[in-house]
Amino acid sequence: MPDAPPAATTPAVDEIRAVAAREGLHPAAVELEGVRDFLAVFLPAVEELAALLPAGGEGAGPAPLGLA
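The following refers to the structure shown. (Residues numbered from 1 in each chain as written. Predicted model: local features only at pLDDT ≥ 70, side-chain atom pairs only at ≥ 80, totals over all residues. Heavy atoms only, no water.)

Summing up its helical and strand segments, the protein has two helices and zero strands in all. Surface exposure of the protein reaches about 5,800 Å², of which carbon and sulfur atoms provide 66%. (Helix = DSSP H or I, 4+ residues; strand = E, 2+ residues; numbered from the N terminus. Areas by Shrake-Rupley, 256 points an atom, 1.4 Å probe, with all protein chains shown as cover.)

It is worth spelling out the environment of Pro-44 at this point. By secondary structure assignment, the location of Pro-44 is in helix α2 (residues 29-51). Relative accessible area serves as the criterion here: at 31%, Pro-44 is assigned to the partly exposed category. Sequence spacing of Pro-44 and Thr-9 is 35 residues, and the spatial spacing of their C-alpha atoms is 8.4 Å. (Buried < 20%, exposed > 50% of the residue type's maximum accessible area, 1.4 Å probe, protein only.)

Glancing now at helix α1 (residues 13-22). For α1, every residue scored as buried is listed here: Val-13, Ile-16 and Ala-20. Taken around the axis of α1, the buried residues stretch over an arc of 65 degrees, which confines them to a single face. In α1, the exposed positions angled more than 90 degrees off the buried face are occupied by Asp-14 and Arg-22. Gly-24 lies just past α1 and shows a positive phi near 80 degrees. (Arc of directions from axis to C-beta.)

It is worth spelling out the packing of aromatic side chains at this point. Under the counting rule described, the total for this entry stands at one aromatic pair. Taking 5.2 Å as the distance between ring centres and 15 degrees as the angle between the ring planes, the aromatic pair formed by Phe-38 and Phe-42 counts as stacked. On the criterion of helical spacing, the pair formed by Phe-38 and Phe-42 is a turn pair, its members being four residues apart in helix α2. (Phe/Tyr/Trp six-rings, centres within 6.5 Å; stacked < 30°, edge-to-face > 60°.)

For the rest of this paragraph, the subject is the packing of α1 against α2. In the contact formed by α1 and α2, the axes pass within 9 Å of each other and the chain directions differ by 110 degrees. As far as their axial angle goes, α2 and α1 are roughly perpendicular. Residue-level inspection shows Val-13, Ile-16 and Arg-17 of α1 in contact with α2, the latter providing Leu-32, Glu-33, Val-35, Arg-36 and Leu-39. Residues that form the contact of α1 with α2 fall into these classes: five nonpolar, no polar and three charged. (Axes fitted to C-alpha atoms, helices over the stretch in contact; angles between N-to-C directions. Parallel < 35°, antiparallel > 145°, perpendicular 65-115°, else oblique. Contact = heavy atoms within 4.5 Å. Nonpolar A, V, L, I, M, F, W, Y, C, P; charged D, E, K, R; others polar.)

Any functional reading would require information beyond the geometric quantities listed.
As structure tokens, then:
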């Protein structure tokens, strides 16, 4: 069984600020905290969903249409 990828950590506010600045954005401190709070919930949820994927990392795709 392959090793699981390392758990995502929530980036620090300074890291988020740097990414935003590279995109030409300059959010207020309260906005940066909001983004960090969102990522603290979102990143672990994405990891949980990724763990549900079959080996190889690709889902089965949508169910076929029509009669089986």
